[in-house]
Amino acid sequence: MKVAVLADDFTGACDVGTQFLSFGMDVIATNGSFTECDAEVIIKSSGTRNLNEKESYNIVKNEFKNIKKMGFDYFFKKIDSTLRGNIKSEIDAIVEEIEKTECVVIVIPFPKMGRIIVNGEHYLNGVRLIESEIAKDVVMPVKSGNLIEIFPNALHISLKDIRNNLAHEKIIREDNQIIVFDGETESDMIKIAELLKETGKDRIVAGSAGIANYLYKQNNSDENRVMIVSGSCSEVTLKQIKEFSKESCFKNFEVLDLTAKEIIEKNAKINYDIGDKDIVIKTIRDRSEINESYKLFKEKKMTISQGTKKISENFAKIVKEIIEEKCIRNLIILGGETTEYILKELKIDNLKLNFIIDIGISVAKSENMRYNLIIKPGNFGQERCIKKFYTVLKEKKL
């Protein structure tokens, strides 16, 4: 998971950064460029808190353009939990740059800090924000504490919608480009985070650090998952997998045995409803399947070289799809050619080798800090090495 966060001042950037740190993620807060940093979470201040609306609009618009080009998985626009700053103009700048099918979700509540939203109205420790001391800020006074007034064209999700399970249908049915949520309790925040994940509305979110605590914890829930990928036909690897299947931990795995035909014809059916299971995905179960693959190549008028290349290419695409769908960060890849194609699909050009785990095998981290990898050539490794690899990644012995 790669997250870009844009705050309107540097203290706000560091504030939301603590939420990501608590999940064990790599975080960089910068006053420079997003392109100059390499971490799972990059947080930048736009420095627009005390600028006028036009200036803040232009700056945020340009920043968001750059973020889109870089291909982050998620974007979070940090908004001050007491609505200070140019909230309206900065959200408008983002909406201007998103597709018509996309939307910006605004979630301001931070119940732990006494900030709640009821019927669109912001309350600070039980007092309407517009009547509080915060509203009288000398440099940047709050002009309105009502989000429905600030964003009149937004879809409003009320407490009733959240608590009576009405919000899901409402969000799917409407096509507003801005959605504003109420929120009063921690339970409301958990439900909002789950709802955004379920509806796919978690990609572009604006709000306080309060929702970040739940939203990205939710997204991060699969990041302890381990995926074992085998494209190797070597007898050594096949025996190692067979030995690993005898381990007690193997019952916690979803095993995907793909055939050459499924891979080449791109019709493999992948079950994503696997709970918190780890994954083993293979292109071959035993050596007898090799001859079946050769027959298939002949039917498809392919040479053995062309057929094996096509399997490697398509298999790598399937693996990438699963990695992205399940937010997988921990990979054990068995087989040299398989590794090359998978790294290419994941756009990994460089690996940092951390330490040796077996003869000729090391634990590595991708240069973009997103993946932990153990890569094993087909004929390498001791008989029970996969259990050892799995334990290292699963228990974070990195």
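Scroll up to find the structure.
What you are looking at is a predicted structure, and each value in this text was computed from that prediction instead of being measured.

1. Things to note about the overall build of the chain
At step 1: Per the secondary structure count, the chain includes 14 helices and 18 strands.
At step 2: In terms of principal-axis extent, the alpha carbons of the chain reach across some 75 × 40 × 40 Å.
At step 3: Taking all 398 residues of the chain together, the buried fraction comes to 55%.
At step 4: Excluding contacts between residues fewer than 6 apart, the proportion of contacts in the chain whose partners are at least 24 apart in sequence is 71%.
At step 5: By element, 48% of the accessible surface of the chain is carried by carbon and sulfur atoms, the whole surface being about 18800 Å².
At step 6: When the 61 basic and 62 acidic side-chain charges of the chain are each reduced to a single mean position, those positions are 4 Å apart.

2. Side note on the packing of helix H9 (residues 235-244) against helix H14 (residues 385-394)
At step 1: Close contact between H9 and H14 brings their axes to 8 Å; oriented N to C, the two are set at 65°. Across the interface between the two elements, Gln240, Ile241 and Phe244 of H9 pack against Cys385, Ile386, Lys387 and Tyr390 of H14.
At step 2: Residue classes in the contact of H9 with H14 are distributed as five nonpolar, one polar and one charged.

3. Structural notes on the pattern of salt bridges
At step 1: For the structure shown, the criterion picks out 33 salt bridges.
At step 2: Linking Glu121 and Arg128 is a salt bridge whose minimum nitrogen-to-oxygen distance equals 3.5 Å.
At step 3: On the basis of relative accessibility, which here comes to 10%, the residue Glu121 falls in the buried class.
At step 4: The shortest N-O distance in the salt bridge between Asp278 and Lys394 comes to 3.0 Å. One end of the pair, Asp278, is in strand E14 (residues 278-282); the other, Lys394, is in helix H14, with 116 residues separating them in the sequence.
At step 5: You can call Lys394 partly exposed: its relative accessible area is 23%.
At step 6: If you follow the salt bridges from partner to partner, you end up with Asp8, Asp9, Arg49, Asp80 and Arg84 in one network.

4. Section: the environment of Val280
At step 1: You can see Val280 is positioned in strand E14.
At step 2: Remark: the alpha-carbon pair of Val280 and Gly120, spanning 160 residues in sequence, is separated by 47 Å.
At step 3: Here Val280 is in contact with Ile228, Phe250, Phe253, Glu254, Val255 and Leu256, once residues within four sequence places are set aside.

5. Brief notes about the pairing of strand E15 (residues 330-334)
At step 1: For E15, a buried count of five out of five residues is recorded, marking the element as mostly surrounded by other parts of the structure.
At step 2: Here E15 shows a buried face lined by Asn330, Ile332 and Leu334 and a second buried face lined by Leu331 and Ile333.
At step 3: Taken together, the five bridges between strand E12 (residues 226-230) and E15 define a ladder with parallel strand orientation. Bridge pairing in E15 links Met227 to Leu331.
At step 4: In terms of strand pairing, E15 meets strand E18 (residues 372-376) through five bridges, oriented parallel. Residue pairing in the sheet places Ile332 in a bridge with Ile374 of E18.

6. Some thoughts on the sheet that holds strand E16 (residues 351-358)
At step 1: Here seven strands make up an open sheet; going across it, the order is E13-E14-E12-E15-E18-E17-E16 and the pairing mixed. Edge positions in the sheet fall to strand E13 (253-257) and E16, since each of these pairs with one other strand and no more. Direction aside, the axes of adjacent strands within the sheet are offset by 20° on average.
At step 2: With five bridges connecting them, E13 and E14 associate as parallel partners. Across the sheet, Phe253 pairs through a bridge with Asp278, a residue of E14.
At step 3: Packed on one face of the sheet, H9 meets E12, E13, E14, E15 and E18 and runs near 145° to E12.

7. Quick word on the sheet that holds strand E4 (residues 74-78)
The strands making up a sheet associate through hydrogen bonds between their backbones, and the pairing can be parallel or antiparallel.
At step 1: The strand order across the open sheet built from eight strands is E2-E3-E1-E4-E11-E5-E10-E9, with neighbouring strands paired in parallel fashion. Every interior strand has two partners, whereas the edge strands, strand E2 (27-30) and strand E9 (155-157), have only one. For this sheet the average axis-to-axis angle between neighbouring strands, irrespective of direction, equals 20°.
At step 2: In terms of strand pairing, strand E5 (residues 104-107) meets strand E11 (residues 204-207) through three bridges, oriented parallel. Bridge assignment links Val107 to a residue of E11, and that residue is Gly207.

Thresholds, definitions, all that
- Residues numbered from 1 in each chain as written.
- Predicted model: local features only at pLDDT ≥ 70, side-chain atom pairs only at ≥ 80, totals over all residues.
- Heavy atoms only, no water.
- Helix = DSSP H or I, 4+ residues; strand = E, 2+ residues; numbered from the N terminus.
- Buried < 20%, exposed > 50% of the residue type's maximum accessible area, 1.4 Å probe, protein only.
- Contact = heavy atoms within 4.5 Å.
- Areas by Shrake-Rupley, 256 points an atom, 1.4 Å probe, with all protein chains shown as cover.
- Lys, Arg positive; Asp, Glu negative; His and termini not counted.
- Charge placed at Lys NZ, Arg CZ, Asp CG, Glu CD.
- Axes fitted to C-alpha atoms, helices over the stretch in contact; angles between N-to-C directions.
- Nonpolar A, V, L, I, M, F, W, Y, C, P; charged D, E, K, R; others polar.
- Salt bridge = Lys/Arg side-chain N within 4 Å of Asp/Glu carboxyl O.
- Pairing = 2+ DSSP bridges.

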